[in-house]
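# Secondary and tertiary structure notes
Next come the chains, spelled out residue by residue.
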Amino acid sequence: MPQIYTPFALKLHAYGLMRVLDPNWSGLDLFDFLKRYARKRETPYFFHHFEERGILFHLGLFIFEEFVNCDNRFEIQDCEDLAWYLDTLVGFLIAGEVSPNDKWIRRTKTVTEFFDSIYDASNEEDYYRRLDRARHTLHRLYDEITITHSDKIKELASAYAANYSDRVLHDRQLCAFIAQLLIVIGFNGNDDLEGNPQQWVRRKNIPAWAKKAIYSRDRGKCAICNTDILFELSENDHIDHIIPLARGGCNDIVNLQLLCQKCNLKKSDTLQEVTSSIPPYIARRL
Ligand SMILES: [Zn+2]
């Protein structure tokens, strides 16, 4: 089984954050991309049904594709960035079961290890000059490695998109941001969250796998008042749409959280600020 290479997965997540928060990109490219999936069926099925590989997975595929294949990214990167990137790419491919003896893997490793070895903090200028002279070589290595292993890269896309999706789901505030972004970019045809509610998303039963994921992410606690509701869970569902369906929120796991009955009733169809799902591991004095 191919392994997930952690440095690559973390950089993918960081890249994803950057893209989701980029107003130009999220406004147009994300819209176009997700629309392709939405058009696959007669209606924008993301918003009517619960797809096990929902929005976050498809967002992960998009981010993966860009992160690996976008040549334009390197126009703004310096040679050191490119050398670091190649190093991560090699680790990613080896973890994906490409042989470390593959011609382009070996050549790339030789070059990146060479630059690692010549770095000298007292003479950075020389280091950067030599890196700059290797610009053509670094680009050539990038091209060869991504062309030679394009099938492998495609094969690994799903595993990394799923990994990306899990990382994002862990963070309830980020999920809420993405759920809101989907409305802002116009999927419900109305960019005004306070305006007339859109009623076209149908209420559907939330499938067991989605409930399980949300119970686990929210640790059996109400996302608003933090009450432990683990023992109530068998009797009632307690799953809440962060952005209510009546306000154009989607039927996707990205838009769900756990609420106790009291908070659920109080919240109804209103929008409320989302609390963090990431526990404070260390109590800090501010
Ligand atoms: Zn509560």
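The following refers to the structure shown. (Residues numbered from 1 in each chain as written. Predicted model: local features only at pLDDT ≥ 70, side-chain atom pairs only at ≥ 80, totals over all residues. Heavy atoms only, no water.)

What follows concerns helix α1 (residues 6-20). Compared with an ideal rise of 1.5 Å per residue, which puts 15 residues at 21 Å, α1 spans 21 Å between its outermost C-alpha atoms and is within 8% of the ideal. Looking only at α1, the buried set comprises F8, A9, L12, H13, Y15, G16, R19 and V20. Within α1, the buried residues cover an arc of 165° as seen down the axis, which keeps them to one side. (Helix = DSSP H or I, 4+ residues; strand = E, 2+ residues; numbered from the N terminus. Expected span 1.5 Å × (residues − 1). Buried < 20%, exposed > 50% of the residue type's maximum accessible area, 1.4 Å probe, protein only. Arc of directions from axis to C-beta.)

Moving on, we come to the coordination of the zinc ion. C222 (SG), C225 (SG), C260 (SG) and C263 (SG) make up the full set of protein donors to the zinc ion, lying at 2.3 Å. One can describe the site at the zinc ion as tetrahedral: its four donor atoms subtend angles covering 102 to 115° at the metal. Spacing between the donor residues of the zinc ion along their common chain follows C-x2-C-x34-C-x2-C. Its relative accessible area of 2% is what places C222 among the buried residues. (Donors = N, O, S within 2.8 Å, 3.2 Å for Na, K, Ca; no water. Tetrahedral: all angles 85-135°; square planar, octahedral: opposite > 155°, others 65-115°.)

A separate point is the packing of aromatic side chains. Counted by the stated rule, this structure contains 13 aromatic pairs. Note on Y119 and Y127: the rings are 4.8 Å apart at their centroids and 85° apart in plane angle, and the pair reads as edge-to-face. Through successive ring pairs, a cluster of aromatic residues spans F8, Y15, F64, F67, Y85, F92, Y142 and Y160. The ring of W104 is capped by R107, whose NZ or CZ atom sits 4.8 Å from the centre of that ring. (Phe/Tyr/Trp six-rings, centres within 6.5 Å; stacked < 30°, edge-to-face > 60°. Lys NZ or Arg CZ within 6 Å of the ring centre and 35° of its normal.)

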